[in-house]
Amino acid sequence: MRWDALFADLESQFDALQAEDLYGEVADRIRAEVGKITVLDRLRGAVDTVVRVELANAEPVQGELTRVGKDCLLIETERAEEWLIPVAALVAVHRLGPWAEPAVGAVAGKLGLAHLLRGIARDRSPVTLFCGGAPVTGTIDRVGADFLEIAEHPLDTPRRRTEVYNVRLVPTQALCAVRRR
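Turning our eyes to something else, we now look at the pairing of strand S1 (residues 50-55). Taking every second residue as pointing to the same face, the buried face of S1 carries Val 51, Val 53 and Leu 55, while none of Val 50, Arg 52 and Glu 54 on the other face is buried. In the sheet, S1 pairs with strand S2 (residues 61-68) via four bridges, with the strands oriented antiparallel. Note on S2: the bridge partner recorded for Arg 52 is Gln 62. Sheet topology note: the S1/strand S5 (residues 90-94) ladder contains four bridges and is antiparallel. Residue pairing for S5: Val 53 is matched across the bridge by Val 93.

On inspection of all chains with the given rule, the structure shows one aromatic pair. On the basis of an interplanar angle of 20 degrees and a centroid distance of 5.2 Å, the ring pair of Trp 83 and Phe 130 is categorised as stacked. Of this pair, Trp 83 sits in strand S4 (residues 82-86) while Phe 130 sits in strand S6 (residues 126-130), and the two are 47 residues apart along the sequence. Here Trp 83 falls in the buried class, since its relative accessible area comes to 1%.

About the thresholds
- Residues numbered from 1 in each chain as written.
- Predicted model: local features only at pLDDT ≥ 70, side-chain atom pairs only at ≥ 80, totals over all residues.
- Heavy atoms only, no water.
- Buried < 20%, exposed > 50% of the residue type's maximum accessible area, 1.4 Å probe, protein only.
- Helix = DSSP H or I, 4+ residues; strand = E, 2+ residues; numbered from the N terminus.
- Pairing = 2+ DSSP bridges.
- Phe/Tyr/Trp six-rings, centres within 6.5 Å; stacked < 30°, edge-to-face > 60°.

Shown next as structure tokens:
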């Protein structure tokens, strides 16, 4: 009987060590996988949910996260506004939830800030740019590789030569957000 108790004790110790090794290995693998998740993956996991975004040089924005590009995100607010925000301008994002999703599809992973800015320029939509200092209103005239040019005019007037009082070049790295109604 004493031998049975000794063997039972040794077997339980062996089982405990195996379980501990397995737990440690699983924890290490989880840490390694979490280490591969990017900000964009976390943002993609929150698409179609309401989030609150803090920005470097603009007011916080709350709304539905509708799209995530390769370097930006698009939020639609309740006031019928679209906010195009470069990931580099993010200070914090609230209400994401626990999910993450990798980029899926050839197009979704490649569309970025420059592509979306060119679409806004093509639409000739009046916008408000936040790039430090006072917000700038007008129409985006052109988008280069690393800059945009905005014809400054009041939001309530169409872009006419007589209404434009300045043309401003803004490096895209200085851009915090673009708001379009």
